[in-house]
Amino acid sequence: MPKAIVMPKLGNTVESALILTWHVGVGDPVSAGQPLCEIETDKATIEVESSATGILLARFFEAGDEVPVMRNIAVVGRAGEAFDDLSPVSAAPAEPVAPSDEKRADKVFISPRARNLARQKGIDVSDIKGTGPEERIIERDIRALLDQQLKLTPVAKAMLESGEYQIADESTIDRRVAKSDLAPTSSGDSAEVKEIPLTRLRRTIAKRMLESIQTTAQLTLHASADATALRGFRVRLKSSADALGLRGITLNDLLLFAVARTLPTFPELNARFEQDRLFQYVRVQLGMAVDTPRGLLVAVIRDADSLSLRALSDEARRLADACREGSIRPDELAGGSFTVSNLGSLGIDSFTPILNPLQVGILGIGSIKLEPVERAGEVIFAPHIGLSLTVNHQAVDGAPAARFLAQLRENIANIELLLAL
């Protein structure tokens, strides 16, 4: 019998996914486990595989369609088999799926995000014709309606119509827009301005960073650690026997190891703060910021405090590669207890890292540079690495944060002793 291919549910917060491309066409033979299409969520890009062997009998959605999770997107079976009962119309009884006026009279076919926005703005959605799959009302439909409902002063209207100005703050949609609410579209000829639509991931990053700043009291402490031993040990690793498998261990791996072994002594930092309650983790679920062409992702090294240096290095490399290739799983991007972000390779001495929401600590790592130090009564220049620790001051005071940073500095300066523990 024919088998439905379902849009997978990739995490508790994912409501829908965008179909980027189909790899097979209707009528093509497919095998179980064969990638059928590529989809994108706000966290990652993954491939949906066939769960059966046969012929692709139907595709219910095409590239560019945003499809709710757990909705049938295709059917695989034998040539000539009937599959009407597997179409999205019959497979989604919880929501009206036909766009007819008769069915819309009882229920509105609308995405959860669109419904929330409409409720916040007091928008009646009963007469809106959606632009999503099967005329589903999606967020962009609500925003388009809000744009049409702007109240403009005559001067503001003329400025917007000229094409040289735009609304500076989206919050003005709730009131009359005046000249002071507008900003130039560019410093020169408007023809030189190119609008770049934000990707789902970029919108998600923007939302979470703003929420982080708005909902936490962030305090950043700056320090530096002697990197002499760190550098020396890295040189010895690079020249070690190939059979040991240690040559690929990087400075960043050593720093991740130091953080993972320091955190258990400071459980107040290996925690999340949620609804005025502090939850401390028993093990270190170490978040690692990864720069990708699609934007910043934070992959989580599970139980990092129990891993050897080599095992931690292997896992960090695997996760970073998966992030850059777009094959990272949603569960590998969730559940972190503390995050490390390294900008040292880009020449940044220190910076103010922004907390990953709910976590109470994030460490920013800067570049290595020479600093004057006194040794045996003489001033010499020694390599030091920049450390910037941001904590949520609602959950962590400055003194415990400073003590963690002090212990981390000592562990970095004596990295080989830390490895012996």
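Residues numbered from 1 in each chain as written. Predicted model: local features only at pLDDT ≥ 70, side-chain atom pairs only at ≥ 80, totals over all residues. Heavy atoms only, no water.

### Here's the deal with helix α6 (residues 200-215)
Helical geometry note: an α-helix holds 3.6 residues per turn, so side chains three or four residues apart project in the same direction.
Thought 1: In a regular helix each residue adds 1.5 Å, so 16 residues correspond to 22 Å; α6 covers 22 Å between its end C-alpha atoms and thus fits that length.
Thought 2: Taken together, the buried positions of α6 are occupied by Arg 200, Leu 201, Thr 204, Ile 205 and Ser 212. For α6, the buried positions fall inside an angular range of 130° around the axis, keeping them on one side. Set apart from the buried face of α6 by more than 90 degrees, the exposed residues are Lys 207 and Gln 214.
Thought 3: Contacts from the buried residues of α6 go to β2 (16-22), β4 (35-40), β7 (66-68), β13 (218-226) and β17 (295-301). (Helix = DSSP H or I, 4+ residues; strand = E, 2+ residues; numbered from the N terminus. Expected span 1.5 Å × (residues − 1). Buried < 20%, exposed > 50% of the residue type's maximum accessible area, 1.4 Å probe, protein only. Arc of directions from axis to C-beta. Contact = heavy atoms within 4.5 Å.)

### Re the sheet that holds strand β20 (residues 378-392)
Thought 1: On the basis of which strands lie adjacent, the open sheet formed by six strands has the order β13-β20-β19-β18-β16-β17 and mixed pairing. Strand pairing shows two members of the sheet lacking a second neighbour, β13 and β17, which therefore form its edges. On average, each strand axis in the sheet is tilted by 35° relative to the strand beside it, whichever way the strands run.
Thought 2: Here three bridges tie strand β16 (residues 286-292) to strand β18 (residues 338-342), and the two strands are oriented parallel to one another. Among the inter-strand pairings, Leu 286 is bridged to a residue of β18, identified as Phe 338.
Thought 3: Relative to β16, helix α9 (residues 309-325) is tilted by about 40°, and along the sheet it contacts β16 and β17. (Pairing = 2+ DSSP bridges. Axes fitted to C-alpha atoms, helices over the stretch in contact; angles between N-to-C directions.)

### Considering the pattern of salt bridges
Thought 1: Throughout the structure, instances matching the rule amount to twelve salt bridges.
Thought 2: The residue Arg 78 makes a salt bridge to Glu 81 at a minimum N-O spacing of 3.3 Å. (Salt bridge = Lys/Arg side-chain N within 4 Å of Asp/Glu carboxyl O.)

### Some details on the sheet that holds strand β3 (residues 29-30)
Thought 1: Taken in spatial order, the four strands make up an open sheet running β1-β8-β6-β3, and their pairing is antiparallel. Unpaired on one side and paired on the other, β1 (3-6) and β3 mark the two borders of the sheet.
Thought 2: Two strands pair when backbone bridges link them, and β3 and strand β6 (residues 54-59) are joined in this way by two bridges, in the antiparallel orientation. Bridge pairing in β6 links Val 30 to Gly 54.

### A closer look at the confidence of the model for the protein
A low pLDDT means the predicted coordinates there should not be read in detail.
Thought 1: Per-residue confidence for the protein gives a mean pLDDT of 86, with 88% of residues at or over 70.
Thought 2: Counting interchain partners and residues more than four positions distant, the pLDDT-below-50 stretch residues 90-106 has 29 contacts. (pLDDT = per-residue confidence, 0-100.)

### A closer look at the environment of Gly 54
Thought 1: Within the element layout of this structure, Gly 54 appears in strand β6.
Thought 2: Taking the C-alpha atoms as reference points, Gly 54 and Ser 31, 23 residues apart in sequence, are found 6.4 Å from one another.
Thought 3: Aside from chain neighbours lying at most four places away, what touches Gly 54 is Asp 28, Pro 29, Val 30, Val 76 and Gly 77.

### Remarks on the layout of surface pockets
Thought 1: Within this model, the second largest pocket holds a volume of roughly 160 Å³.
Thought 2: Lining the second largest pocket, in full, are Glu 211, Thr 215, Thr 216, Phe 273, Pro 357, Leu 358, Gln 359, Asn 392 and Gln 394.
Thought 3: Of the residues in the lining of the second largest pocket, the class split is three nonpolar, five polar and one charged. (1 Å grid on protein atoms, 1.4 Å probe; cavity = no way out; pocket = protein on both sides within 12 Å on 5 of 7 lines; lining within 4 Å. Points joined across faces, edges and corners; volume = space filled by probe spheres on them. Nonpolar A, V, L, I, M, F, W, Y, C, P; charged D, E, K, R; others polar.)

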